[in-house]
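Coordinate inspection notes
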Amino acid sequence: VQLQASGGGLVQPGGSLRLSCAASGTRGIISYMGWYRQAPGKQRELVATVTGGGSTNYADSVKGRFTISRDNAKNTVYLQMNSLKPEDTAVYYCNVGERQWTGSFYDRWGQGTQVTVSS
């Protein structure tokens, strides 16, 4: 599976961005999809996840501001980020679980996209 993330950039506080991550080349089914982020000097942390059935989970710090969604036909996950704050500045990574037809399961990571919130 190849993961291609896009949508990062520079935005002012209070602004919005929408991240996308498309999974291609799967040899099975994409199960969970999610976003993590890593700020300079900090550990990578969960932002939001969505299961194949559409159940979502959010970090407390983004609840009410971020919305995760997925398009199963396109194997694409989105992260709509509103009311952005400087502390949201980080490299955002998409993460998916792939269950191949062989029965093997793989946890896949994208290359990361930079989000900078600054005036």
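Conventions used here
Residues numbered from 1 in each chain as written. Predicted model: local features only at pLDDT ≥ 70, side-chain atom pairs only at ≥ 80, totals over all residues. Heavy atoms only, no water. Helix = DSSP H or I, 4+ residues; strand = E, 2+ residues; numbered from the N terminus. Rg over C-alpha atoms; globule rule 2.2 N^0.38 Å. Buried < 20%, exposed > 50% of the residue type's maximum accessible area, 1.4 Å probe, protein only. Contact = heavy atoms within 4.5 Å. Areas by Shrake-Rupley, 256 points an atom, 1.4 Å probe, with all protein chains shown as cover. Core = buried A, V, L, I, M, F, W, Y, C linked by side-chain atoms within 4.5 Å. Pairing = 2+ DSSP bridges. Axes fitted to C-alpha atoms, helices over the stretch in contact; angles between N-to-C directions.

**Here's the deal with the overall build of the protein chain**
Tallying secondary structure elements over the protein chain gives zero helices and 11 strands in all. Taken from the N to the C terminus, the helices and strands of the protein chain come in the order β-β-β-β-β-β-β-β-β-β-β. Against the globule reference of 14 Å for 119 residues, the protein chain gives a C-alpha radius of gyration of 14 Å, in line with a compact fold. Viewed in the frame of its principal axes, the protein chain has a C-alpha envelope of about 50 × 25 × 20 Å. Scored against the burial criterion, the 119 residues of the protein chain give a buried share of 42%. Considering only intrachain contacts with a sequence separation of at least 6, the fraction spanning at least 24 residues in the protein chain is 54%. Accessible area for the protein chain stands at about 6,200 Å²; split by element, carbon and sulfur atoms hold 47% of it.

**A short note on unusual backbone geometry**
Phi is positive for asparagine 75, which is not a glycine, with a value near 50 degrees. Residue class for asparagine 75 comes out buried when judged on its relative accessible area of 18%. One non-glycine residue, serine 83, lies in the positive phi region at around 50 degrees. Tracing the sequence through the fold places serine 83 in the loop between strand E8 (76–81) and strand E9 (90–100). Given a relative accessible area of 40%, serine 83 falls into the partly exposed group.

**Remarks on the nonpolar core**
In terms of nonpolar packing, the biggest core is built from 29 residues, with Trp35, Val47, Phe66, Ile68, Leu79, Met81 and Tyr92 touching the most fellow members. Going through the elements one at a time, strand E1 (2–6), strand E3 (17–24), strand E4 (28–38), strand E5 (45–50), strand E7 (66–71), E8, E9 and strand E11 (113–117) are the ones with two or more residues in this core. Contacts of valine 47, omitting those with residues within four sequence positions, involve Trp35, Tyr36, Arg37, Asn57, Tyr58, Ala59, Val62, Phe66, Leu79 and Tyr92.

**Comments concerning the sheet that holds E3**
Pairing is antiparallel in the open sheet, where four strands are placed in the order E1-E3-E8-E7. The open sheet has two edge strands, E1 and E7, and neither has a second partner. Adjacent strand axes in the sheet meet at a mean angle of 15 degrees, parallel and antiparallel pairs treated alike. Relative to E8, E3 is paired through six bridges, and the arrangement is antiparallel. By the bridge assignment for E8, alanine 22 is matched with threonine 76.

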